[in-house]
Amino acid sequence: MKPSRPSQPYWLLAPMLLLLGVFFLYPLLSALHTSFYDWDLLTPPRFVGLANYRAIVGSGELFSSLGTTLLVSAVVVTGSLGLGLALAVAVHRPGRIAALARSAVFSAYVVSWVSVGLLFLWIFDADAGIVNRALGGLGLPPVKWLTSTALAPLTVALIVIWKVTGYAMVVFLSGLSALPPEVNEAAALDGAGPWARFRHVTLPLLRPTAAFVATTSLIASFQLFDVVRLLTQGGPVRSTTVLVYAIYEQLFRDLRVGRASALVVVFFVALGLLSWLKLRAFRAEEPA
């Protein structure tokens with residue numbers, strides 16, 4: 001058999017590298033370049049150096065939107081990890097009921113964000129929402145799910161958890177299916193109970209899977225836009241203005257392309273740094 005040429009892997013990777021270059025690297029470099037200019041899409045760009053970065057820091061826009069994004073992301077990552085793993089363990093068994101449960105949970109993940117936003121607007125609306133109607137039927141006061149500065153970010157995070165938990169469950173199911181059964185059998189022979197086997201055998205072996213789920217959940221929460229646009233428009237009092245929505249406001253509402261590009265650069269750096277730290281933390285906890 002004729003050996004393959006050393007350059008063959010690169011030719012196989014070329015289509016994907018080309019797509020990444022056109023749709024990821026080039027837009028990122030373009031945003032970095034534009035972040036040094038003052039441009040309103042109507043007049044010629046004017047070089048201003050770091051003025052856009054100073055403006056988003058001085059106005060509080062950066063730290064406010066970044067703080068809200070980190071809060072939502074922390075709740076989403078924690079909730080999707082815990083709930084996804086619990087559901088995976090619950091339905092990791094043969095039978096039609098388990099298969100139906102797996103399909104029902106995962107179906108939420110394939111629903112569009114716009115549909116999810118409209119659904120939860122009907123559920124959590126302050127006046128006509130079914131949750132507040134149920135509370136009223138029980139004689140309880142209505143809850144300001146989307147109009148309270150304290151509850152609105154958590155409500156948005158819960159909606160994201162509902163959306164991405166099905167994906168987390170499927171990934172954990174794949175990880176559970178890949179675990180060698182001999183390890184659990186050996187622990188059972190040594191007298192370990194179900195909880196001890198899960199805590200000291202299953203969980204450590206699932207750490208790479210958990211790292212993957214945590215990273216993808218973090219990316220999904222950082223990209224949050226549709227639900228915020230439909231449910232809160234960044235309010236109340238900008239309590240749900242996440243980074244992507246702040247970029248949208250700077251670009252399409254205020255026509256400040258330079259400031260929007262500066263936020264894009266900060267968004268990319270923050271997401272890359274958090275993903276790296278998360279993966280490093282999971283690897284540091286891996287057993288030697």
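Above this note sits the structure.
From a predicted model like this one, the values you see are computed outputs, not experimental measurements.

Calculation criteria
- Residues numbered from 1 in each chain as written.
- Predicted model: local features only at pLDDT ≥ 70, side-chain atom pairs only at ≥ 80, totals over all residues.
- Heavy atoms only, no water.
- Helix = DSSP H or I, 4+ residues; strand = E, 2+ residues; numbered from the N terminus.
- Buried < 20%, exposed > 50% of the residue type's maximum accessible area, 1.4 Å probe, protein only.
- Contact = heavy atoms within 4.5 Å.
- Areas by Shrake-Rupley, 256 points an atom, 1.4 Å probe, with all protein chains shown as cover.
- Lys, Arg positive; Asp, Glu negative; His and termini not counted.
- Charge placed at Lys NZ, Arg CZ, Asp CG, Glu CD.
- 1 Å grid on protein atoms, 1.4 Å probe; cavity = no way out; pocket = protein on both sides within 12 Å on 5 of 7 lines; lining within 4 Å.
- Points joined across faces, edges and corners; volume = space filled by probe spheres on them.
- Nonpolar A, V, L, I, M, F, W, Y, C, P; charged D, E, K, R; others polar.

A. Just the overall build of the protein, in detail. Along the protein, the regular secondary structure elements total 13 helices and two strands. On the principal axes, the C-alpha backbone points of the protein span a range of 75 × 75 × 30 Å. Within the span of the protein, comprising 288 residues, buried residues form 36% of the whole. A fraction of 68% describes how many contacts in the protein between residues 6 or more apart in sequence connect residues 24 or more apart. Of the roughly 16,800 Å² that the protein leaves accessible, carbon and sulfur atoms contribute 69%. Looking at charge distribution, the protein has the averaged site of its 21 positive side-chain charges lying 3 Å from that of its 13 negative ones.

B. Main features of the layout of surface pockets. In this structure, the largest pocket occupies an estimated 390 Å³ of space. As for the largest pocket, its lining consists of 15 residues, and the residues nearest its centre are F24, Q223, V244, V264 and F267. Secondary-structure elements contributing two or more residues to the lining of the largest pocket are helix 1 (8-34), helix 12 (243-253) and helix 13 (257-284). Counting residues per element, the lining of the largest pocket draws most heavily on helix 13, at six residues. Residue composition of the lining of the largest pocket, by class: 12 nonpolar, three polar and no charged. A volume near 320 Å³ is recorded for the second largest pocket. Every residue along the wall of the second largest pocket is listed here: V89, H92, R93, L176, L179, P180, P181, N184, P194, R197, F198 and T202.

C. Spotlight on the environment of T147. Secondary-structure assignment places T147 in the loop between helix 6 (130-137) and helix 7 (152-178). Look at T147 and you get partly exposed, because its relative accessible area is 47%. Note: C-alpha distance between T147 and D125 (22 residues apart in sequence) is 9.1 Å.

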